[in-house]
Every structure is written in C-alpha cells, then in structure tokens.
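Structure assessment
So the chains spell out like this:
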Amino acid sequence: MAAPLSLSSASPNSNQLSSLLRCFPVISLSSRCRCLSFDSDYRNLSPILKATSSLSSSSRPLHVHTIVKVDLGDRSYPVHIGSGLLNQPELLQRHVHGNQVLIVTDTTVAPFYLDQTISALTNRNLNLKVESVILPDGEQFKNMESVMKVFDKAIESRLDRRCTFIALGGGRVGDICGYAAASYLRGVSYIQIPTTLMSQVDSSVGGKTGINHRAGKNLIGTIYQPRCVLIDIDTLNTLEDRQLASGLAEIIKLGLVRDAAFFEWLENNIFALLARNSSAVSYAIKRSCEIKAEIVSLDEKENGLRAILNLGHTFGHAIETGSGYGQWLHGEAVAAGTVMAVDMSYRIGWIDDSLVKRVHTIFRAAKLHTTPSETMTMHIFKSLMALDKKVANGVLRLVLLKGPLGNCVFTGDYDLQALDDTLQAFCNS
Ligand SMILES: NC(=O)c1ccc[n+]([C@@H]2O[C@H](COP(=O)([O-])OP(=O)(O)OC[C@H]3O[C@@H](n4cnc5c(N)ncnc54)[C@H](O)[C@@H]3O)[C@@H](O)[C@H]2O)c1
Ligand SMILES: [Zn+2]
C-alpha cells in the first residue's frame, strides 16, 4: 500500500482577506483609467477596497490588476489578472520574446478576441510580425493534427527560435499551443491568454501541456512553463453559463483541498460568481491561481503534493469517458466526482457529515451535478478507474478529504469496502 501523504494549509492572511471580502461581497468596479496594482500580499488589498467603494458612483469600469507569481527559480513567471488587460498593449508586449509572434486560437474565440490581441501586440510596435493559426473547436481536435497545423504555420512563416507562441483560448488551445511551443525548434517561448474560467484558474498555470490519444485523454504531453499568463476577466463576458459553472467546480475543489477560508468565502459568494460580479470573479481567480502557483512551485513534476489537485478527478474522468466525451464538460464531471470522493471520505470516517452536506449545497448552488449519469454502473466505474494514471503497483490511489476542512490525503491506503459502498450508493447497478 502506498503511504498516505498528509497535506494541509490555510494561511492566516487568507482568513483576513476572506473576512474583508465578506464585508464587501459585491463591490461594483467602476471608473476606467484607474489601474491599481497589488501583489499576492493581502496587506495591499485595503487601498483597492477603498478605491472601489469610493468610485462606485462612476459608470466606467476600474482596471484592477493583480499579479500572482509562479515561483520556479529562473523559470518563474507572473500571472496577470484583471479587467481590460487586453487593452493594455505594453503589458502584453513586455513579455514577448523576439519580434515574431504566432497566435494559436480556435474558431469560436477568434471572432471575439483575435483582432484585439493583434492590436495589443502591434500598437506602437511596428517591428513585430504577428501570424495566427485558427484551429477547429472541439475536444476531438486536441490531437497531433492540430499540433501539426501549428508547426506548418510556424515553418511557413519562417519563425526562428527567437519567437513567441501565444495561446488565446480555453484549456484545449492552451494545451495544444504549449505542447507545440515545447517542441518547435526544441522549445520556444509561449504566453497563455486563457479565456475560459477553467483555463484561467487551472490549465494556464503550472505548465502541463499535451494532446489526447485515441486510447485516452492527455496521454501525450510534457510540462513546459509559459513566460507569462495574462488573464483578462472581460473575456468571460462571452462565455456560456455552462462553461462558467464548469470552471467553478475546479475553484471549489481548490478550497476543499487547501484553503478552508476560501471555501467559506465561496459558499458566501457563489451567487455573485454566477452573476459574474467582477470583483468576486477576480478574487476567486486570484486566490485559485495563488493556490495552484504555490502547489506547482513546491511540486512541479507531480511527485506528490500536486496530486491533490486531482480531488474528484478519478471518479470524474470515469464519468467523462463512460458518458461519452463531449456529453459532460470536464468541470461537470469533476463536481460529481468530488461529491463521490467526499462521500467516500465520510464513509471511512475521515470527515464529518456536515462537510458532506456543505459540498452538496455549494455544487447544487453552482448548478453543477452531484451524481453521475444514470448510465454509469459500478462495473463501468471500476473498469475505467483501473486505467487511471494514479494506479501504482495495482493500487488505485485517490485524493480523499481527511480532518478539518482544507486538508486531504493522496493515498492507496483506504478501506476498499468504503469505495464499493460509495459506488453502490451512486450507481443504479
Ligand atoms: N493543462 C492543464 O493543467 C489542464 C487542466 C485542466 C484542463 N485541461 C484541459 O483543458 C481543456 C478544457 O478546457 P476548457 O474547459 O477551457 O475547454 P475548451 O478549451 O474546450 O473551451 C470550451 C469552449 O469555450 C469556447 N471559448 C473559450 N473561450 C471563450 C470565450 N471567452 N467566450 C466564448 N467561448 C469561449 C471554446 O472555443 C470551447 O468551445 C481539456 O482539454 C482539458 O484536458 C488542462
Ligand atoms: Zn480538472
């Protein structure tokens, strides 16, 4: 049996911030041209709260700009988070390496944001040559053919090693572009401009890149860090509600495994998030990126700690595959999978029932699933879970909650009967 790895956190600073934000759950951001900057140190938050509340009578949006650092020595990079960042050319241009850029995007995102991104790159910067490749939209196109399209465009445009790829889109575009950047001329710089909530809080930070194989999702890939991540929360304005909720599932997961105060803040602000309140959305993205950045900094290659980000994913991947790709969005499957992992943690006796209820309540409030699809049987679950990447020496290791909220374990050392009982409780047969 694998030894359980006990992991916990909860910074007093996040408690302070959480209570501050509870006092200001819905702050309307107003007044354009005000660009306030604060880093991940919460001591700098109060000027922003003062500024935002005192400017609430103006109708212009405030450009609040946060920077979270991913600390990886000489491969460290900033995650810029804010409203209107794509309208700040110098911010993007500062991170471009060389004078050739290839933007990788898809057919859905291009009409919304490609021109804006090209303008941000070329504004008062006539020496920059910008090319773009627009990939078909759909998880079925996250394959070698799409990577080849990126290479074809790069080679045709004679891009040399001093060039920068830019991923403009959701997690799929980010994964393809990052993987192509890792291999083109044995590695060129790339920037992530994530445009879905899922990609803003999860896939754009941490450097996991790759594509799917016929046999399974994300089987081919590498870890390759971007030079910078630029999150313009305004891009969420065009995102479908279902995609937004899918991203919320990963945010809730982060609170559960790592930060009790953040989970409580999410419970109190879930409706503000669903209503896309910009201050609530910015804070949720910022805190998620901080948690992810901290975990990645400590365990970039997923030798231990980083595995906790997989809470609900073993059950969730089985639901995604078993229900047919495309039927369930990744975050929807993660939500139901998290409810199952929490149920199992309770059956083993590692958490109390009040937490089980809270997890149900928050996912329901976020309009996410709390049960798998009816077609999922115990047999389907078991056969798909046996293929999970986290099986080691025949033992399925799972992320389970243990102890007070915000604590979890990644372990293969659990009561197998509890797993059977959970599967039985959530399956028809
Ligand atoms: N690398 C990682 O660490 C990591 C982590 C989680 C997920 N992923 C991968 O990310 C992918 C899922 O990411 P996703 O949920 O962002 O899905 P996605 O990239 O497929 O995007 C979802 C849909 O939203 C559209 N879209 C994107 N931005 C938009 C916007 N601003 N307005 C309107 N439409 C927009 C896309 O065109 C697509 O149709 C999967 O391939 C998954 O394997 C990777
Ligand atoms: Zn996920």
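Below is a short write-up of the structure. These numbers come from a predicted model, not from an experiment. (Residues numbered from 1 in each chain as written. Chains lettered and ligands numbered in written order. Predicted model: local features only at pLDDT ≥ 70, side-chain atom pairs only at ≥ 80, totals over all residues. Heavy atoms only, no water.)

1. Details of the coordination of the zinc ion (ligand 2)
Ideal values for angles at a metal depend on the geometry: 109.5 degrees with four tetrahedral donors, 90 or 180 degrees with six octahedral donors. Every protein donor of the zinc ion (ligand 2) is accounted for by E250 (OE), H313 (NE2) and H330 (NE2), and the metal-donor separations fall at 1.9 to 2.1 Å. Along the chain, the residues donating to the zinc ion (ligand 2) are arranged with the sequence spacing E-x62-H-x16-H. Here the residue E250 occupies a position in helix 8 (residues 241-258), and H313 occupies one in helix 11 (residues 313-322), the gap between them amounting to 63 residues. Residue E250 shares its accessibility class with H313, and that shared class is buried. (Donors = N, O, S within 2.8 Å, 3.2 Å for Na, K, Ca; no water. Helix = DSSP H or I, 4+ residues; strand = E, 2+ residues; numbered from the N terminus. Buried < 20%, exposed > 50% of the residue type's maximum accessible area, 1.4 Å probe, protein only.)

2. Thoughts on helix 6 (residues 171-183)
Residues spaced three or four apart along an α-helix point in a common direction, a consequence of the helix completing one turn every 3.6 residues. The terminal C-alpha atoms of helix 6 lie 18 Å apart, and with 13 residues this matches the ideal 18 Å at 1.5 Å per residue to within 8%. Of all 13 residues that make up helix 6, 12 are buried, and the element is covered over most of its length. Following helix 6 by one or two positions, L185 has its phi on the positive side, about 50 degrees. (Expected span 1.5 Å × (residues − 1).)

3. Re the site of ligand 1
Around ligand 1, 25 residues are found, and the nearest of them are D137, G171, T195, T196 and T238. Between K142 and ligand 1, the recorded distance is 2.8 Å, taken from a side-chain N or O atom to an oxygen atom. A distance of 2.7 Å separates a nitrogen atom of ligand 1 from a polar side-chain atom of T195. Within the complex, 89% of the 860 Å² of free accessible area of ligand 1 lies under protein. Elements with a contribution of two residues or more to the shell around ligand 1: helix 4 (110-122), helix 6, helix 7 (197-203) and strand 10 (216-223). In terms of residue class, the shell around ligand 1 is made up of 5 nonpolar, 10 polar and 10 charged. (Near = heavy atom within 4 Å. Polar contact = N/O pair within 3.5 Å; in protein donor to acceptor, adjacent residues only side chain to side chain. Areas by Shrake-Rupley, 256 points an atom, 1.4 Å probe, with all protein chains shown as cover. Nonpolar A, V, L, I, M, F, W, Y, C, P; charged D, E, K, R; others polar.)

All we've got here are geometric facts, nothing functional implied.
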